[in-house]
Amino acid sequence: MKKTLLLLALLTIPFLLSAQYFRSKPLTAGYWGSKSTVKISTVDSTYNLEIKALSKRLKGTKFRIKPIKINGDTYRIVRTEDVIHIKNESEETVLMTSNRQMQVVMADGTTFQKDKFRRRNFSYLNESGEVVIEARLRDNVFSHVVEINMYEDEPLLLALCVEMLTRLAREQIWL
């Protein structure tokens, strides 16, 4: 029994080391202004993600726009009703979700499925059923922390998860 547990522990260590772990500083969503940004990066700084905390609404439309930067590349998150689009600098959609963010379609045709409809702890699975990214929102009374484990190199999916969790943190402050 001890040998089996030791063997299992040794086999899981490479999987734990291959994942990239992201953790934000405590988010005090009640004090966000128009210039507030959320910054998330890995320990070794291979990924740097900056996202505006609040989105701007285009006049005369139901579109809400939020700029993001991933390792120096700029994108925009466009939210229409419940559908999220991530567009690059040339206004091409590179990521699109379904109306409840249960399914994600990338520009190259790859799809990801959300495991369950939970807002605080969720993960996206690839077409073969393997976990690609796990995201969770931990909270105290007035501050929240975003924690994300990314197992495959999907920076746009990372930006989508951060957008969903920062929006949830903002909504929970007002409840």
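Parameters at a glance
- Residues numbered from 1 in each chain as written.
- Predicted model: local features only at pLDDT ≥ 70, side-chain atom pairs only at ≥ 80, totals over all residues.
- Heavy atoms only, no water.
- Helix = DSSP H or I, 4+ residues; strand = E, 2+ residues; numbered from the N terminus.
- Buried < 20%, exposed > 50% of the residue type's maximum accessible area, 1.4 Å probe, protein only.
- Areas by Shrake-Rupley, 256 points an atom, 1.4 Å probe, with all protein chains shown as cover.
- Salt bridge = Lys/Arg side-chain N within 4 Å of Asp/Glu carboxyl O.
- pLDDT = per-residue confidence, 0-100.
- Contact = heavy atoms within 4.5 Å.
- Polar contact = N/O pair within 3.5 Å; in protein donor to acceptor, adjacent residues only side chain to side chain.
- Core = buried A, V, L, I, M, F, W, Y, C linked by side-chain atoms within 4.5 Å.

J.: So what's going on with the overall build of the protein chain? Residues and values would help.
T.: Scanning the protein chain from terminus to terminus reveals 2 helices and 13 strands. Looking at the 175 residues of the protein chain, the share that counts as buried comes to 39%. Accessible surface, the protein chain: about 10700 Å² in total, of which carbon and sulfur atoms supply 56%.

J.: Can you explain the pattern of salt bridges? Please cite residues and give values.
T.: What the rule picks out here adds up to 10 salt bridges. Ionic pairing is found between arginine 138 and glutamate 147, a salt bridge with its closest N-O pair at 2.8 Å. Under the relative-accessibility criterion, arginine 138 is labelled partly exposed at 45%. Where salt bridges share partners, they join Arg23, Arg136, Arg138 and Glu147 into one cluster.

J.: Tell me about the confidence of the model for the protein chain, and name the residues and values.
T.: Low-pLDDT portions of the prediction should not be read for the details of their coordinates. Taken over all residues, the pLDDT of the protein chain has a mean of 84, while the share at 70 or more is 89%. Note that residues 2–17 has pLDDT below 50 and, in this model, 0 contacts with residues that lie over four places away or in other chains.

J.: Talk me through the side chain of histidine 144; I want residue IDs and the actual numbers.
T.: With respect to the helices, strands and loops of the structure, histidine 144 is situated in strand β13 (residues 144–150). Here glutamine 172 takes part through its side chain, which lies 3.3 Å from a polar atom of the side chain of histidine 144. If we skip the residues at most four places from it in the chain, histidine 144 touches Lys25, Pro26, Leu27, Leu137, Arg138, Asp139, Ala169, Gln172 and Ile173.

J.: Can you lay out the side chain of lysine 66 for me, pointing to particular residues and giving the numbers?
T.: Mapped onto the elements, lysine 66 comes out in strand β5 (residues 63–70). What makes lysine 66 buried here is its relative accessible area of 5%. Among the polar contacts listed, one links the side chain of lysine 66 to the backbone oxygen of alanine 53, at a separation of 3.5 Å. Apart from residues lying up to four places away in sequence, lysine 66 is in contact with Ile51, Lys52, Ala53, Leu54, Ser55, Tyr75, Arg76, Ile77, Glu163 and Thr166.

J.: Tell me what's going on with unusual backbone geometry, and back it up with residues and numbers.
T.: Positive phi, normally seen in glycine, also occurs at asparagine 71, with a value near 50°. Along the chain, asparagine 71 turns up in the loop between β5 and β6 (73–80). Positive phi is not limited to glycine here, since glutamate 91 has a value of about 60°. Its location among the elements puts glutamate 91 in the loop between β7 (83–87) and β8 (93–97).

J.: So what about the environment of methionine 164? Which residues, and what values?
T.: Turning to its location among the elements, methionine 164 is positioned in helix α2 (residues 155–173). Distance from methionine 164 to alanine 135, taken between C-alpha atoms, is 9.6 Å for residues 29 residues apart in sequence. Filtering out sequence-adjacent residues up to four positions away, methionine 164 remains in contact with Ile84, Gln101, Lys114, Phe122 and Tyr124.

J.: Give a detailed account of the nonpolar core, specifying residues and quantitative values.
T.: Ile86, Tyr124, Ile148 and Leu160 are the most contacted members of the largest nonpolar core, which has 41 residues in total. With 11 residues, the top contributor of residues to this core is α2. When residues no more than four places from it in sequence are discounted, the contact partners of isoleucine 148 are Gln20, Tyr21, Phe22, Ile133, Glu134, Ala135, Leu158, Cys161 and Val162.

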